Amino acid sequence: MRIRHALTAVATAGMIAAAATGPAHAAEYSSALKVKGVQYDAPGTDPNRCSGGNTKSEYLTIKNYSRTAAVNLKGYVVKDAVGTKFTFPSSHKLEPGDYVKLRGGRGTDSDAGNVAYRQNCNFLWNNDQDTIYLIKPSGTRADVHSYTKRANDADGNGYINYHG
């Protein structure tokens, strides 16, 4: 009998531990919006200027993975490891399966063109390593990814794909 009680206690403790660790990881990705990929290192040299620079070639792709619900990006925040951030200032509706490329540089946002611009000619992502945070208007995390060029970019093209 003692062995049976001991085994039951161990099994129960294991289920509690699994339940405790499971939701914490799942809560991080509880949003329909996720980072699909990042062009963290724009092709060419990296001058931080609007005229003749290549900041528009650095972008983050955010996709709505919901099958039924549209999501408005207004108020969503994208930031890096040191806290440099961009907040979507106006409505940009992503239908189910739709995406937007958040580009550096200046330009005109377009729902039809699936593009939004940071209106800033400085680069957001570091070329060697960084962390990407996608934060809901409520302040909770929608998605988070850390990368290093060495570990996550095997072909060296400056692009990392996350959620396919």
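Residues numbered from 1 in each chain as written. Predicted model: local features only at pLDDT ≥ 70, side-chain atom pairs only at ≥ 80, totals over all residues. Heavy atoms only, no water.

1. Notes on the environment of Asn152
Selection criterion: Going along the chain from the N terminus, every DSSP run of H or I of four or more residues is numbered as a helix, and every run of E of two or more is numbered as a strand. Throughout, a contact is declared for two residues whenever any of their heavy atoms are within 4.5 Å. Polar contacts, as used here, are pairs of N or O atoms within 3.5 Å; protein pairs need one atom able to donate a hydrogen and one able to accept it. Residues neighboring in sequence count only if both atoms are side-chain atoms.
Checked against the element boundaries, Asn152 lands in helix 2 (residues 149-152). Distance in space between the C-alpha atoms of Asn152 and Gln129 is 9.5 Å, their sequence separation being 23 residues. Dropping the residues within four chain positions of it, Asn152 is found in contact with Ser146, Tyr147 and Ile160. From its side chain, Asn152 meets the backbone nitrogen of Thr148 in a polar contact 2.8 Å long.

2. Thoughts on the pattern of salt bridges
The condition that has to hold: Here, a salt bridge means any Lys or Arg side-chain nitrogen found within 4 Å of an Asp or Glu carboxyl oxygen. Per-residue accessibility, obtained with a 1.4 Å probe over protein chains only, is compared with the maximum for each type, and a residue is labelled buried under 20%, exposed over 50%, and partly exposed between these values.
If you walk through the whole model with that rule in mind, you get 1 salt bridge. In this structure, Lys149 engages Asp41 in a salt bridge whose closest nitrogen and oxygen atoms are separated by 3.4 Å. Within this pair, whereas Lys149 is found in helix 2, its partner Asp41 is found in the loop between strand 1 (33-39) and strand 2 (59-64), the two being separated by 108 residues in sequence. Taking relative accessible area as the criterion, Asp41 reaches 15% and is therefore assigned buried.

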